[in-house]
Amino acid sequence: MADGLPQVLVIGAGVSGLTAGLCLAEAGWPVRLWTARLPQQTTSAVAGAVWAPRAHEPVAKTLSWTKQSLHEFRRLANDPTTGVQMTRALIAGKALEVDTAPTGADLIPDLHAVDPAHMPMGFRVGFHATLPMIDMPRYLDYLTRRLAAAGCDIEIRPIRSLAEAADTAPIVINCAGLGARELAGDDTLRPVFGQHVVLANPGLTDMFVERTDDPQWACYFPHPERVVCGGIRIPDRWDTTPDPAVTERILCDCRRLEPRLAEVTAVETITGLRPDRPSVRVQVEEIGTARCIHNYGHGGDGVALSWGCAREVVRLAGAEG
């Protein structure tokens, strides 16, 4: 016990686990973090990581959590060591049906429609905005340093069950991502395969995101030294082997939209499995005498939801029975 607060065990070192652990530790809770993989080996490390509001269930809560994250990312963008920057974005669609403003439009900074005459070829409608864009390898290192400064180190220690964790600490935070499928016995959680191609940055500063419901789309996110290009969504695929055909399609789409990308070669292809669920789960479950707070099922929006969900975790940790 420290200052009357019980020990907390956080499971998982992706962006959700690091952020939840950080918020708890900085609020005075004694925190330990166990993980099967270091932050740079998690799915979070290969995320495109652009903040944007989306209508995940439960919608009212997820939009609130997204808004809280926006506030934090705008603050972090003032520190170049975080890997967060506020970036001008073009959000474009090919169909007239996307002429309506995006979900959560009232939350999006500087959102305004683009003159159709200024749209890239093949796109009919679009919006400009200024969005937080996060360079995930740098950002995960920043969170790790800040977590250590708050007194919490990361321990490589896979666990077999939540009951095992509950025997260790009276409060357990389950941020295991896709691993929660087995740990929590949650068969509604499923993998959604994603793939990005990373190129050297030829001098790009603005990002591009195609707005579509299709399982594949064009996007590129320019960080100071690299450009992350995508994207694709393949539900229920567990194999993380890069698909050369997907790589070629991504490069073709992005180079057509931005010819300067044709001047640089691909550095690497990265893949990951998004932890998809019908609704984001931030919920308390009693396991024996321990309180387990689940924080998983964020799909492709773990970064955008991270700070809001982490603060909800802190609230639930301190709530009475």
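Thresholds, definitions, all that
Residues numbered from 1 in each chain as written. Predicted model: local features only at pLDDT ≥ 70, side-chain atom pairs only at ≥ 80, totals over all residues. Heavy atoms only, no water. UniProt positions renumbered as here; feature names shortened; annotations may be inferred. Helix = DSSP H or I, 4+ residues; strand = E, 2+ residues; numbered from the N terminus. Rg over C-alpha atoms; globule rule 2.2 N^0.38 Å. Buried < 20%, exposed > 50% of the residue type's maximum accessible area, 1.4 Å probe, protein only. Contact = heavy atoms within 4.5 Å. Areas by Shrake-Rupley, 256 points an atom, 1.4 Å probe, with all protein chains shown as cover. Lys, Arg positive; Asp, Glu negative; His and termini not counted. Charge placed at Lys NZ, Arg CZ, Asp CG, Glu CD. Phe/Tyr/Trp six-rings, centres within 6.5 Å; stacked < 30°, edge-to-face > 60°. Core = buried A, V, L, I, M, F, W, Y, C linked by side-chain atoms within 4.5 Å. Domains from an automatic or database assignment. Polar contact = N/O pair within 3.5 Å; in protein donor to acceptor, adjacent residues only side chain to side chain. Pairing = 2+ DSSP bridges. Buried area = accessible area lost by both parts, 1.4 Å probe. Salt bridge = Lys/Arg side-chain N within 4 Å of Asp/Glu carboxyl O. Nonpolar A, V, L, I, M, F, W, Y, C, P; charged D, E, K, R; others polar.

Under the annotation held in an unreviewed UniProt entry, the protein chain carries the name D-amino-acid oxidase and is attributed to Mycobacterium simiae. Note on the protein chain: under the UniProt heading Sequence similarities (unreviewed entry), the record states "Belongs to the DAMOX/DASOX family." As its UniProt record puts it under Catalytic activity (unreviewed entry), the protein chain is described as follows: "a D-alpha-amino acid + O2 + H2O = a 2-oxocarboxylate + H2O2 + NH4(+)".

Novice: I'd love a proper account of the overall build of the protein chain, names of residues and values included.
Specialist: Helix and strand content of the protein chain: 7 helices and 15 strands. Expected size for 321 residues packed as a compact globule is a radius of gyration near 20 Å; at 20 Å, the protein chain falls within 12% of this value. Overall, the C-alpha framework of the protein chain stretches about 60 × 40 × 35 Å when taken along its three principal axes. Burial analysis of the protein chain (321 residues in total) assigns 54% to the buried set. Put simply, 74% of the contacts in the protein chain that link residues at least 6 apart link residues at least 24 apart. Surface exposure of the protein chain reaches about 14200 Å², of which carbon and sulfur atoms provide 51%. Each charge sign in the protein chain was given a centre, from 31 positive and 38 negative side chains, and these centres are 1 Å apart.

Novice: Pulling in residues and values, what's your account of the packing of aromatic side chains?
Specialist: Taken as a whole and judged by the stated rule, the model has 4 aromatic pairs. Judged by centre distance (6.3 Å) and plane angle (20°), the ring pair of Tyr139 and Tyr142 falls under stacked. Residue Tyr139 and its partner Tyr142 are located together in helix H3 (residues 136-149), separated by 3 residues, close to a single helical turn. Here Tyr139 matches Tyr142 in class, with each residue buried.

Novice: Any chance you could break down the nonpolar core for me, citing the residues and the numbers?
Specialist: Formed by 60 residues in total, the largest nonpolar core has its most connected members in Leu24, Phe73, Leu131, Tyr139 and Ile173. Top element by residues in this core is helix H7 (residues 302-318). It accounts for 9 residues. For this core, the two domains that each supply at least three residues are domain 1 (1-83 + 135-189 + 277-320) and domain 2 (88-131 + 190-276). When near neighbours in sequence (up to four residues on either side) are disregarded, Leu24 contacts Val8, Val10, Trp29, Val31, Ile173, Val313, Val314 and Ala317. Among the nonpolar cores identified, the runner-up in size contains 27 residues, and Met119, Ala180, Tyr220 and Ile250 belong to it.

Novice: Give a description of the UniProt feature "binding site: D-dopa" (unreviewed entry) in the protein chain that names residues and reports values.
Specialist: Taking the numbering used here, the UniProt-annotated feature "binding site: D-dopa" (unreviewed entry) corresponds to Arg274 and Gly300. Over a stretch of 27 residues, the named residues converge on one spot in the fold, their C-alpha atoms separated by at most 5.6 Å. By the element assignment, Arg274 lies in strand E13 (residues 266-276). On the basis of relative accessibility, which here comes to 18%, the residue Arg274 falls in the buried class. Excluding anything up to four places from it in sequence, Arg274 contacts Arg190, Pro191, Val192, Phe193, Gly194, Trp217, Ile232, Arg233, Gly299 and Gly300. Within the structure, Arg274 has its side chain in polar contact with the backbone oxygen of Phe193 (distance 3.2 Å). Position of Gly300 relative to the elements: it lies in the loop between strand E15 (290-296) and H7. We classify Gly300 as exposed; its relative accessible area is 53%. In this structure, Gly300 is in contact with Arg54 and Arg274, ignoring residues within four places of it in sequence.

Novice: Would you mind going over the pairing of strand E11 (residues 226-232) in detail, with residue names and values included?
Specialist: Within E11, 7 of the 7 residues are buried, which leaves it mostly tucked inside the rest of the structure. Alignment of strand E8 (residues 190-200) against E11, held across 4 bridges, turns out to be antiparallel. Along E11, the bridge assignment pairs Leu199 with Val227. The pairing of strand E10 (residues 216-222) with E11 spans 5 bridges and is classified as antiparallel. Bridge pairing links Cys219 to Gly230 in E11. What sits between the antiparallel neighbours E10 and E11 is a turn of 3 residues.

Novice: Provide a residue-level description of the side chain of Thr62, including the pertinent values.
Specialist: Position of Thr62 relative to the elements: it lies in helix H2 (residues 59-76). In contact with Thr62, other than residues within four places in its own chain, are Arg54, His56, Glu57, Val280 and Leu305.

Novice: Pulling in residues and values, what's your account of the domain arrangement of the protein chain?
Specialist: With domains assigned, the protein chain is organised as domain 1 (1-83 + 135-189 + 277-320) and domain 2 (88-131 + 190-276). Here the C-alpha centroids of domain 1 and domain 2 sit 26 Å apart. Domain 1 puts 27 residues into the contact, and the matching count from domain 2 is 22 residues. Regarding the contact of domain 1 and domain 2, the summed buried area is about 2000 Å², with carbon and sulfur atoms giving 70% of it. Looking only at domain 1, the three residues that lose the most surface to domain 2 are Val46, Val50 and Leu178, adding up to 26% of its buried area. The interface formed by domain 1 and domain 2 holds 1 salt bridge in total. Along the contact surface separating domain 1 from domain 2 lie 4 residue pairs in polar contact (both at pLDDT 80 or more). Within the residue set of the side of domain 1 that touches domain 2, elements represented by two or more residues are H2 and H3. Counting residues per element, the side of domain 1 that touches domain 2 draws most heavily on H2, at 4 residues. Classifying every residue of the side of domain 1 that touches domain 2 gives 12 nonpolar, 8 polar and 7 charged.

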